[in-house]
Amino acid sequence: DQQSALFGQCCFAPGEAKNTYGTGCFLLMNTGETPLLSKQGLITTMAATREGEPFQYVVEGSIFVAGAAVQWLRDELGLIEKASDCDVLAEQVPDNGGVYLVSAFTGLGAPHWDMYARGAVVGLTRGTTRAHLCRATLEGIAYQTADLIAAMERDAGQKIPALRADGGASVSDFLMQFQADLLGVPVERPAVVETTAWGAACLAGLGAGLWASPQEIPQARGGKVYTPQTRRAREYRQWKRALERAKAWEEVEP
């Protein structure tokens, strides 16, 4: 599934990375023809390659709850009627009002791997509105992605030039722009965000002789590139504080 999406995003060179923003997030970075054993709690696996070509490897990390947090706002809390309302409300406030949401509803995945972590909302005040909670939810997805990117860059010893985004939650303009601001690199979203299916189609096209090499495959056109517009260093530091409060919540004390 994720290897197909990586292929569909044309991440053929070392350092190129894609993130699928779905119910959870699945972030893969191409590391080239030599397997890289992670020291940051990431998974080393193989990329999709054609028969007869050198194997390519990736490091991979998963965020357990991403778009599912928006579903939680809709289905359990009743703060929104449809997922797209979250985006609209998030843009109605100039900032998160000091509110941070850690969506560790089923623990934390890579690079933290904390099965005892639980969801947390911190920084609430009397002035907190549902718009702030919506914004904090979307920002939380971007922060967890930034945690993964930082781990991958430490493993690979190189910075990513851009992040290619796909999946249902990537249709959020607010989320994509905030992600670009947070990472300090462009975030590229194709016109067709279902790149898992597109990647499978590309592999089939190569097998059928439609293209002679992966480099001839046209990338999905008509997408959008989000370039960094502001720095988010202070917000990211605050996220780290919120994250620590969610960790080990259910761990039994000795």
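This text follows the structure it describes.
Residues numbered from 1 in each chain as written. Predicted model: local features only at pLDDT ≥ 70, side-chain atom pairs only at ≥ 80, totals over all residues. Heavy atoms only, no water.

A. Quick look at the packing of helix α2 (residues 67-75) against helix α4 (residues 130-156). Running from N to C, α2 and α4 cross one another at 165 degrees; their axes reach a closest spacing of 9 Å. Taken together, the axis directions place α2 and α4 in an arrangement best described as roughly antiparallel. Crossing angle aside, the handedness with which α2 passes α4 is right-handed. Residues Gly 67, Ala 69, Val 70 and Leu 73 of α2 form the contact with α4, whose participating residues are Leu 133, Cys 134, Thr 137, Leu 138 and Ile 141. Along the lines of polarity and charge, the residues of the contact of α2 with α4 split into 7 nonpolar, 2 polar and no charged. (Axes fitted to C-alpha atoms, helices over the stretch in contact; angles between N-to-C directions. Helix = DSSP H or I, 4+ residues; strand = E, 2+ residues; numbered from the N terminus. Parallel < 35°, antiparallel > 145°, perpendicular 65-115°, else oblique. Left-handed = near helix turned anticlockwise from the far one by under 90°. Contact = heavy atoms within 4.5 Å. Nonpolar A, V, L, I, M, F, W, Y, C, P; charged D, E, K, R; others polar.)

B. Local environment of the side chain of Ser 172. As for its position among the elements, Ser 172 is in the loop between β7 (163-166) and α5 (173-183). Look past the residues within four positions of Ser 172 in its chain and what remains in contact with it is Asp 87, Leu 138 and Arg 189.

C. Quick look at the environment of Arg 231. Among the structural elements, Arg 231 can be located in the loop between β9 (224-226) and α7 (233-246). For the pair formed by Arg 231 and Ser 62, sequence separation is 169 residues and the distance between their alpha carbons is 25 Å.

D. Structural detail: the packing of aromatic side chains. All told, the structure shown has 8 aromatic pairs when counted by the stated rule. The interplanar angle of 65 degrees and the centroid separation of 5.1 Å between the aromatic rings of Phe 7 and Phe 12 together place this pair among those described as edge-to-face. Like Phe 7, the residue Phe 12 is buried in the burial classification. Summarising the aromatic geometry, the rings of Tyr 143 and Phe 178 are spaced 5.5 Å apart at their centres and angled 90 degrees between planes, so their arrangement reads as edge-to-face. Of this pair, Tyr 143 sits in helix α4 while Phe 178 sits in helix α5, placing them 35 residues apart in sequence. Owing to a relative accessible area of 1%, Tyr 143 belongs among the buried residues under this scheme. Of the aromatic side chains, those joined through ring pairs into one cluster are Tyr 100, Tyr 143, Phe 174, Phe 178, Tyr 236 and Trp 239. (Phe/Tyr/Trp six-rings, centres within 6.5 Å; stacked < 30°, edge-to-face > 60°. Buried < 20%, exposed > 50% of the residue type's maximum accessible area, 1.4 Å probe, protein only.)

E. Structural detail: a positive patch on the surface. Among the surface-exposed residues, Arg 234, Arg 237, Arg 241 and Arg 245 lie close enough to one another that they form a single positively charged patch. Its place among the elements puts Arg 241 in helix α7. What makes Arg 241 partly exposed here is its relative accessible area of 45%. (Patch = residues over 30% accessible without salt bridge, like charges linked within 9 Å, V, L, I, M, F, W, Y side chains within 5 Å. Areas by Shrake-Rupley, 256 points an atom, 1.4 Å probe, with all protein chains shown as cover. Salt bridge = Lys/Arg side-chain N within 4 Å of Asp/Glu carboxyl O. Lys, Arg positive; Asp, Glu negative; His and termini not counted. Charge placed at Lys NZ, Arg CZ, Asp CG, Glu CD.)

F. How the structure looks around the packing of α4 against α5. The contact between α4 and α5 brings their axes to 9 Å, and the two run at 40 degrees. In terms of axis orientation, α4 runs oblique to α5. Between α4 and α5 lies a crossing of right-handed hand. Within the contact between the two elements, α4 uses Arg 135, Leu 138, Glu 139, Ile 141, Ala 142, Tyr 143, Thr 145, Ala 146 and Ile 149 and α5 uses Phe 174, Leu 175, Phe 178, Gln 179, Leu 182 and Leu 183. Each residue belonging to the contact of α4 with α5 can be placed in one class, and the counts come to 11 nonpolar, 2 polar and 2 charged.

G. Structural view of helix α6 (residues 195-207). The end-to-end C-alpha distance of α6 is 18 Å, a good match for the 18 Å that 13 residues give at a rise of 1.5 Å each. Elements in contact with the buried residues of α6: α1 (2-8) and β7. Residue Gly 209 follows α6 closely and has a positive phi angle near 85 degrees. (Expected span 1.5 Å × (residues − 1).)

H. Spatial organisation of a nonpolar patch on the surface. There is a patch of nonpolar side chains on the surface, built from Ile 43, Phe 64 and Trp 113 and spanning about 300 Å² of accessible area. Residue placement: Phe 64 occurs in the loop between β4 (57-63) and α2. Taking relative accessible area as the criterion, Phe 64 reaches 36% and is therefore assigned partly exposed.

I. Spotlight on the sheet that holds β7. Strand order in the open sheet formed by 7 strands is β3-β4-β2-β1-β7-β8-β9, and the pairing between neighbours is mixed. Looking along the sheet, the strands with just one partner apiece sit at the ends: β3 (43-46) and β9. Strand-to-strand twist of the sheet, defined as the mean angle between neighbouring strand axes without regard to direction, takes the value 25 degrees. Pairing of strand β1 (residues 17-21) with strand β2 (residues 25-32), which is carried by 5 bridges, proceeds in the antiparallel orientation. (Pairing = 2+ DSSP bridges.)

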